[in-house]
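# Summary of structural features
In case you want the letters, here they are:
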Amino acid sequence: QVQLVESGGGLVQPGGSLRLSCTASGFTFSRFAMSWYRQAPGKERELVARITSAGGVTNFADSVKGRFTISRDNAQNTVYLQMNSLKPEDTAVYYCNARSDGIYYTANVFDYWGQGTQVTVSS
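Residues numbered from 1 in each chain as written. Predicted model: local features only at pLDDT ≥ 70, side-chain atom pairs only at ≥ 80, totals over all residues. Heavy atoms only, no water.

## A few points about unusual backbone geometry
Operational definition: The helix count covers DSSP runs of H or I at least four residues long, the strand count covers runs of E at least two residues long, and both are numbered beginning at the N terminus.
If you check the backbone angles, Asn77 has positive phi at about 55° while not being a glycine. Along the chain, the position of Asn77 falls in the loop between strand E7 (68-73) and strand E8 (78-83). The backbone phi angle of Ser85 is positive, close to 50°, even though this residue is not glycine. Tracing the backbone through its elements, the reader meets Ser85 in the loop between E8 and strand E9 (92-100).

As structure tokens, then:
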């Protein structure tokens, strides 16, 4: 059974920091690219950050570049999102996503989502 369990969300003041974690089970974590998405009320879900299966390449939305970092520990089946200098506009539900790496899975694409964790930035 595939599971992605996010944790670390909460209420933080502007300028503060949070670290989100997503722990995976039920699939070969090291063969999946991992991403964080977010969705604010009334807005579409957007990609925040992505890291490749081996962790060698990362990508970020322009709105979070220089403030957020993404990392992974393949031994612990966990991906992290370190969020610094948080702004009110970062308020959203943050979702963890796993997408199969085409190098290992050539015939099918596997795409999994976590249940989300709320991040609220407010004074």
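## Some details on the sheet that holds E7
Put simply, the test is: Here, strands pair whenever DSSP counts at least two bridges between them. Only the stretch in contact is used when fitting a helix axis, every axis being a line fitted to C-alpha atoms; angles between N-to-C directions are given from 0 to 180 degrees.
What the four strands build is an open sheet, ordered E1-E3-E8-E7; its pairing is antiparallel. Strands at the two margins of the open sheet, each flanked by one partner only, are strand E1 (3-7) and E7. Mean inter-strand twist for the sheet, computed between neighbouring axes without regard to direction, equals 15°. Here six bridges tie E7 to E8, and the two strands are oriented antiparallel to one another. Among the inter-strand pairings, Ile70 is bridged to a residue of E8, identified as Leu81.

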